[in-house]
Amino acid sequence: MALETQIMADLKDAMKAKDRVALESLRAIKTALLNEKTAAGATEMTEADEMKILTKLRKQRVDSITIFREQGREDLAGPEEAQLAIIERYLPAMLSEEEIEAKVKEIIAELGASSMADMGKVMGKASGAMAGTADGKVISGIVRKLLA
């Protein structure tokens with residue numbers, strides 16, 4: 001398991017460097033991976049499972065940052081952004097809206113989708129194809145725009 005090994009090595013480095021933010025972030029990742037692993041019955045996790053967990057942690061941080069900013073709590077948004085930066089080190093680069101739109105157009109053409117009735121099929125295929133590299137809300141908005 002490459003990710004777990006990488007997290008452990010980075011955790012040791014963060015301890016040596018006394019980097020509190022990195023320690024908190026890496027411990028959160030390690031805990032999430034361990035919880036998922038034990039919930040699955042101590043089986044080996046695939047890379048897709050690991051990316052799903054990291055994506056979930058990323059989404060939690062983004063949601064927290066949004067809420068804190070809406071409430072004018074920059075003191076809480078700052079640490080969340082720092083943790084988000086560390087979590088994103090382990091995720092593949094996010095696709096731009098143009099790249100997402102191009103992929104969604106390909107999927108629509110492939111499936112022959114033409115109306116909002118086909119949104120479920122398109123979303124299922126698009127979400128699977130862009131898992132970990134695109135936000136579901138962005139994909140959904142683009143699919144809606146293209147099928148409308």
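Structural data are supplied above this passage.
Scoring rules and cut-offs
Residues numbered from 1 in each chain as written. Predicted model: local features only at pLDDT ≥ 70, side-chain atom pairs only at ≥ 80, totals over all residues. Heavy atoms only, no water. 1 Å grid on protein atoms, 1.4 Å probe; cavity = no way out; pocket = protein on both sides within 12 Å on 5 of 7 lines; lining within 4 Å. Points joined across faces, edges and corners; volume = space filled by probe spheres on them. Helix = DSSP H or I, 4+ residues; strand = E, 2+ residues; numbered from the N terminus. Nonpolar A, V, L, I, M, F, W, Y, C, P; charged D, E, K, R; others polar. Buried < 20%, exposed > 50% of the residue type's maximum accessible area, 1.4 Å probe, protein only. Contact = heavy atoms within 4.5 Å.

Trainee: So what's going on with empty space enclosed by the protein? Which residues, and what values?
Mentor: The method is simple in principle: a probe with the dimensions of a water molecule rolls over the atoms, and the space it marks as empty is what remains. As enumerated under the stated definition, the model contains 1 cavity of 30 Å³ or more in all. In this structure, the largest cavity encloses a volume near 30 Å³. Looking at the lining of the largest cavity, the elements that each hand over two or more residues are α1 (2–17) and α2 (20–39). Here the lining of the largest cavity is built from residues that sort into 4 nonpolar, no polar and 2 charged.

Trainee: Go over the environment of Pro92, please, and point to the residues and values.
Mentor: Position of Pro92 relative to the elements: it lies in the loop between α4 (74–88) and α5 (97–111). The exposure class assigned to Pro92 is partly exposed, which follows from its relative accessible area of 35%. Along the sequence, Pro92 and Ala131 sit 39 residues apart, while their C-alpha atoms lie 9.9 Å from each other. If near-sequence neighbours (up to four positions away) are discounted, Pro92 is found in contact with Met51, Gly132 and Thr133.

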